[in-house]
Structure formats: C-alpha cells, structure tokens
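Breakdown of the fold
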Amino acid sequence: MQPNEISVTRFEVEDIARYLRATLNQANRIRSNAPAGSYLDSVLSRTIEGLELELAQLRFLLADPEFPSTAKSDQRVTRMRRAN
C-alpha cells in the first residue's frame, strides 16, 4: 500500500453511499420547502449536484471487479486439522 492510500472495504463504501443517499433525500426535502430562486434554493441545488456526483463515483467504484468484494476476502480461512 502506498503512503497516501487508504484501505476500505466494500461494506464501508456501501455505508458511505447509504449515508450520502440519506443526506441527498434530506436536501431534496428541504429544497422542496425553500422559495424558488432563493439563496437557500441555489445552495441546495449545488449541494444536491455534488451529492449525486459522489454517489455516481461510489457506484462506479463498487462496480469495479478489482475492488474487494467483502472484508472476509482479506482474512485467511483457518481450517481444523483432519480427524484421525
């Protein structure tokens, strides 16, 4: 692993995506109650676009076949010795 790399599992990326989807839903709810053309509306529009971009990038990362499928793939399976 390179000095600037971070090791994350598929489970952790899915958790991040779940959090971002919840945040995106909340931003959409708030924006629907904001007056059209207001400062809040414009800020939330940019925020929503950014969240959608981040979610698209995470979906792309999860689709990459080289991305580890689970945390278990990092662990070695230990088996009991054969019974005599």
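Just so we're clear, the structure is a prediction, and the values are computed from it rather than from any experiment.

1. Points about the side chain of Arg10
- Within the secondary structure, Arg10 sits in helix α1 (residues 10–33).
- At a separation of 2.9 Å, a polar atom in the side chain of Arg10 contacts the main-chain carbonyl oxygen of Leu62.

2. Remarks on the pattern of salt bridges
- One pass over the structure, following the stated rule, counts 2 salt bridges.
- Among the salt bridges present, the one from Arg18 reaches Asp15, with a minimum N-O distance of 2.5 Å. Remark: Asp15 and Arg18 occur in helix α1; sequence separation between them is 3 residues, near one turn of the helix.
- Close ionic contact of Arg31 with Asp41 constitutes a salt bridge, the shortest N to O distance being 2.9 Å. Here Arg31, found in helix α1, pairs with Asp41, found in helix α2 (residues 39–63); they are 10 residues apart in sequence, far enough to count as distant.
- Under the relative-accessibility criterion, Arg31 is labelled partly exposed at 33%.

3. Brief notes about the environment of Leu40
- With respect to the element layout, Leu40 can be found in helix α2.
- A relative accessible area of 41% means that Leu40 is categorised as partly exposed.
- Here the alpha-carbon distance between Leu40 and Ile30, two residues 10 residues apart in the chain, equals 9.1 Å.
- Once residues within four sequence positions are removed from consideration, Leu40 is found in contact with Ile30 and Ala34.

4. Topic: α2
- In this model, α2 (25 residues) spans 37 Å end to end at C-alpha, consistent with the 36 Å of a helix rising 1.5 Å per residue.
- Taken as a whole, α2 has its buried residues at Asp41, Leu44, Ser45, Ile48, Leu51, Leu55, Leu58 and Leu62.

Parameters and conventions
Residues numbered from 1 in each chain as written. Predicted model: local features only at pLDDT ≥ 70, side-chain atom pairs only at ≥ 80, totals over all residues. Heavy atoms only, no water. Helix = DSSP H or I, 4+ residues; strand = E, 2+ residues; numbered from the N terminus. Polar contact = N/O pair within 3.5 Å; in protein donor to acceptor, adjacent residues only side chain to side chain. Salt bridge = Lys/Arg side-chain N within 4 Å of Asp/Glu carboxyl O. Buried < 20%, exposed > 50% of the residue type's maximum accessible area, 1.4 Å probe, protein only. Contact = heavy atoms within 4.5 Å. Expected span 1.5 Å × (residues − 1).

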